[in-house]
Structures are given as C-alpha cells and as structure tokens.
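Chains, contacts and geometry: an overview
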Amino acid sequence: MPAINLKEIEYVTLYTGNNGSDACTCNCPCCSQKNRNRYQGTIKQAIEMFKVLPNMKQLYLFGNPDVTVDVDFCNEILSMAVSRNKRVCFSTSGVGGKQVLTKLLNGIPAHMVDYISFSFDGTTKEEMSFLKG
C-alpha cells in the first residue's frame, strides 16, 4: 500500500474542546462517539496541523457537543482556519444555545461556514440531565 501523501488531504475533522477532560462528559444514549477520548488540545498543535495539511479545504470542528466545551478555544481554531482560507463547519448540542453559537461564530464570515450541526436538548431539566449525564 502506498504511503499517504498529506498534501492530498482536503477534508479534516478535528476532535477537541472539552477543557482537559479525558473523554466527553456527555452521556447521550445513542451517541456514535461513545468511549472516544477527546481532550483540550493546544493552539501549537493546531498550527502544526495546518502546516502538515497545507491543502486542507475544510475543517470540521467536532467536540462542541460536550457540555464542558471551551467555546473560546474552538472559536480560535475556527478563526485560524478561516484566516488560512479554509472553510469551516462544526457541531453543537444546543447547550447554551444562542450564546454558544455567538461565541463560536465570533468574527467568522458567514460565507466561510459550510454548515452547522445543531441538536436540541431535552425539553425538560430531567431529560437534559439524563442526556448529558
């Protein structure tokens, strides 16, 4: 099998954004990401990612469904991508709703956002508590 040429990779999903926890703090019963460890990366790691993947066209930032998400860090990563002319997309569980979306999109031009995956949380405090652990 030939070696992967990193210069050919155009679409990247980056798992990040839960303030140093060793795994997602959500406990959603139907989540496809169960037991996937995630952590709060660093800006230095993001800069290195952009260097080794110079032809990336789109960055999907995944990690914001976590209720302990660091939205300022996520916005910084999205801003770095946009400043490098990379289109962005991300997921959010709706925790914090408008406030989270506003922080995530702060300074991000609408034409650079390919999509936002937004889910609604439980309609009662008890349902939300069950879904989010």
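Everything in this summary refers to the structure shown in the same document.

Each value, and the rule that gives it
- Residues numbered from 1 in each chain as written.
- Predicted model: local features only at pLDDT ≥ 70, side-chain atom pairs only at ≥ 80, totals over all residues.
- Heavy atoms only, no water.
- Pairing = 2+ DSSP bridges.
- Helix = DSSP H or I, 4+ residues; strand = E, 2+ residues; numbered from the N terminus.
- Axes fitted to C-alpha atoms, helices over the stretch in contact; angles between N-to-C directions.
- Salt bridge = Lys/Arg side-chain N within 4 Å of Asp/Glu carboxyl O.
- Buried < 20%, exposed > 50% of the residue type's maximum accessible area, 1.4 Å probe, protein only.
- Arc of directions from axis to C-beta.
- Contact = heavy atoms within 4.5 Å.
- Polar contact = N/O pair within 3.5 Å; in protein donor to acceptor, adjacent residues only side chain to side chain.

Considerations on the sheet that holds strand E2 (residues 58-62)
Backbone hydrogen bonds are what pair the strands of a sheet, in a parallel or an antiparallel way. Spatially, four strands are ordered E1-E2-E3-E4 in an open sheet, and the strand pairing comes out parallel. What marks the edges here is a single partner per strand, and that holds for strand E1 (11-15) and strand E4 (113-118). Neighbour-to-neighbour, the strand axes of the sheet open up by a mean angle of 15°, direction not taken into account. Strand direction decides the pairing type here: strand E3 (residues 87-92) and E4, joined by five bridges, are parallel.

Brief notes about the pattern of salt bridges
Applying the stated criterion across every chain yields a total of two salt bridges. A salt bridge links Arg87 to Asp114, with the nearest nitrogen and oxygen atoms 2.5 Å apart. Of this pair, Arg87 sits in strand E3 while Asp114 is found in strand E4, placing the two residues 27 residues apart along the sequence. Exposure remark for Arg87: the relative accessible area of 31% places this residue in the partly exposed category.

Observations regarding helix H3 (residues 97-104)
Residues of H3 that are buried include every one of Gly97, Val100 and Leu104, and no others. Buried residues in H3, looked at end-on, bunch into an arc of 75°, giving them a common side. Along H3, exposed side chains directed more than 90 degrees from the buried face belong to Lys98 and Gln99. Against the buried residues of H3 lie helix H2 (71-83), E3 and E4.

Some remarks on the side chain of Gln58
Within the element layout of this structure, Gln58 appears in strand E2. Of the polar contacts made by the side chain of Gln58, one reaches the side chain of Asp114; its length is 2.4 Å. Setting aside chain neighbours within four positions, we find Gln58 in contact with Glu10, Tyr11, Val12, Arg87, Cys89 and Asp114.

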